[in-house]
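# Observations on the three-dimensional arrangement
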Amino acid sequence: MKLWQKIYLVVLTVAVLFSNIGIYAVFQLTYQKGIDTEQRRSEVDYGILCRSVQEKMQAMERQERLTEEAAADLMAICESDYKKRSLAIKLWKNKKQIYPESGGEIPYAVEEGHARIEISGKKQQKKLIAAGELTGLSDSYLLYIEYPLEELNTTWGQLNRIYIFISLGISVVLTIVLSVFLAFLLRPLKTLTEQVTDIRQGNYESRVQIGGHDELAGLGENINVMAETIADNINRLNEDNRKKEQLVDNLAHEMKSPLTSIYGFAEYLMKGRIDPEEALECYSFIMEESQRMKEMCYALMDLSEMRHKEIEFEKFPADNFVCQMREMTERRQPSLTGQDAVEIAWECKNVLGAELYGNEDLLGMLVWNLVSNAIHACCQRDRENLSSLTGSDVTVYMEKLSDDGHAFFIKVNDRGIGMPEEETLHITEPFYRVDKGRSRERGGNGLGLALCQQIVLLHQGRMVVQSEKGCGTEITVFLWENET
């Protein structure tokens, strides 16, 4: 059974039940008031009849004509006077029934000097019963009357018919009104059901439009948020799967070239007859390719370690850090540039006496990777025949921001080959190449910026990349002075 059917049956049953109880209570109260009124009227009628009989019998006793037969005749005359009301009279003398002739016990115990009047019988069969002792007579006489309450019984029959008619009318009206009301009220629930069905079938783009501020509107909002969250999570999972697949593909591609070279030279050395000088050259190529693979493995291990190992953070002087990075760059630069002239400028502001919070070794790796990438980009500039750019220049800029006393930023700007703007969204992915056909002979292994991104995330910082094809690249990293 559906929810709306359950609600419909429960509400209809409760509504019909309580409405009928209310109507029945009103009719019962009306009927009871009728009984009370009839009771008071009967007391008056019985009192009049009783006094009339009593006075006549007293007169007959004074005339010495009061015999059992005379009393019985008097009762017959009275009974005929009330024939329309179907009055039945009984009379006892000294506990002996003298009218009607058939004897019988006194049906009610009556206290001396008091009358007993009551209404009894089932509904629509109510009758008045009254009994009382006649006073002022030498003998003990007990008068008993009984007659049906026709008007009261008729009234109850009419009330009963009206009750049935009203009950049926209310039930029909409630059935129609409740079905319309529930259809209108539960219409949003149908919309929510359709939305959940769409989500179950994989359609996460549709949204529920429910007006108002009730619980169903709130549920619709939550379903929309849930659908959006599920869609985001699925997109994120798909993107993660894409990156994993791309990582495997790129790793296989990166390893294919050096492994092919190593195997080729090793096979040549083993099968060919070569002189020592040529063999030395082969060994040199094998060493270079092995070194590339070793560096790539170390970089992958660094990435894995940063993702899974807890890193220690501490405060250290910012100015000392800058000096160490300048010395390391000057020492390593010749091995990167070769015959190319690349000028590196360092510009620092508000770093004297300031401190950085983080892992000094990782931040050093971050700056060196950014600088070495900038140097590579400048070295490749001449190969792109970009004659509009004169000279090679890399600028490393570090500043403690004055408007926020805890914020640092490091910016590395180069005037190298640059890249299209859409490529900046992917350059932090492992092994990603802007130029898919370019070899790594003068570049790195494609993991430098991935390491940089991971280091920045570990320090809860932010890295922004801006680049333009043929004009250079600018990478800005925001860091913090302390743990707050």
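To be clear, the structure that these remarks concern was listed above.
A quick note: this is a predicted structure, and the numbers were derived from the prediction, not measured. (Residues numbered from 1 in each chain as written. Predicted model: local features only at pLDDT ≥ 70, side-chain atom pairs only at ≥ 80, totals over all residues. Heavy atoms only, no water.)

Residues V10, V11, V14, L17, F18 and I21 make up a contiguous nonpolar surface patch of roughly 540 Å² in combined accessible area. In this fold, I21 is placed in helix α1 (residues 3–62). (Patch = residues over 30% accessible without salt bridge, like charges linked within 9 Å, V, L, I, M, F, W, Y side chains within 5 Å. Areas by Shrake-Rupley, 256 points an atom, 1.4 Å probe, with all protein chains shown as cover. Salt bridge = Lys/Arg side-chain N within 4 Å of Asp/Glu carboxyl O. Helix = DSSP H or I, 4+ residues; strand = E, 2+ residues; numbered from the N terminus.)

For soluble globular proteins, the rule of thumb is that nonpolar side chains tend to be buried together. Within the largest apolar cluster, 48 residues are counted, with the highest numbers of intra-cluster contacts made by I344, L366, L370, V394, M398 and F408. Among the elements that take part in this core, helix α8 (residues 360–379) stands out by supplying 11 residues, more than any other. Dropping the residues within four chain positions of it, L370 is found in contact with V412, L449, C452, I475 and V477. (Core = buried A, V, L, I, M, F, W, Y, C linked by side-chain atoms within 4.5 Å. Buried < 20%, exposed > 50% of the residue type's maximum accessible area, 1.4 Å probe, protein only. Contact = heavy atoms within 4.5 Å.)

Attention shifts here to the environment of K93. Take K93: it is sitting in strand β1 (residues 88–93). On a C-alpha basis, the gap between K93 and L143 in space is 9.1 Å, while along the polypeptide they are 50 residues apart. Here K93 is in contact with E68, I98, D139, S140 and Y141, once residues within four sequence places are set aside.

For the rest of this paragraph, the subject is helix α3 (residues 150–185). In an α-helix, one full turn covers 3.6 residues, which means residues spaced three or four apart are oriented alike. The end-to-end C-alpha separation of α3 is 51 Å, in line with the 52 Å expected for 36 residues at 1.5 Å each. Among the structural elements, α1 are those in contact with the buried residues of α3. (Expected span 1.5 Å × (residues − 1).)

It is worth spelling out the packing of aromatic side chains at this point. Working definition: an aromatic ring pair is given by the centre-to-centre distance plus the angle between the planes. According to the stated counting rule, one finds 8 aromatic pairs in the structure shown. Plain terms: the ring middles of Y24 and Y163 are 6.1 Å apart, the flat faces sit at 70° to each other, and that makes the pair edge-to-face. Here Y163 lies in helix α3 and Y24 lies in helix α1, a separation of 139 residues in the sequence. Residue class for Y24 comes out partly exposed when judged on its relative accessible area of 38%. Measuring from centroid to centroid gives 6.0 Å for F409 and F478, while their planes differ by 45°, and the two rings are tilted. Residue F409 is found in strand β10 (residues 407–414), and its partner F478 is found in strand β12 (residues 472–480); the two are separated by 69 residues along the sequence. Stacked on the ring of Y397, the Lys or Arg K411 has its end atom at 5.6 Å from the ring centre. (Phe/Tyr/Trp six-rings, centres within 6.5 Å; stacked < 30°, edge-to-face > 60°. Lys NZ or Arg CZ within 6 Å of the ring centre and 35° of its normal.)

Another point: the pattern of salt bridges. Two side chains of opposite charge can pair, provided their charged atoms sit close to one another. Enumeration according to the criterion identifies 5 salt bridges in this entry. Across the pair R41 and E38 runs a salt bridge whose closest N-O atoms are separated by 2.7 Å. One end of the pair is R41 and the other is E38, both in helix α1 and 3 residues apart, which spans about a single turn. Taking the relative accessible area as the measure of exposure, R41 reaches 39% and is therefore partly exposed. Judged by its relative accessible area of 8%, E38 is buried. A salt bridge links K93 to D139; its shortest N-O distance comes to 3.5 Å. One end of the pair, K93, is in strand β1; the other, D139, is in the loop between β4 (127–134) and β5 (141–148), and 46 residues separate them in sequence. The partly exposed category is assigned to D139, whose relative accessible area is 28%.

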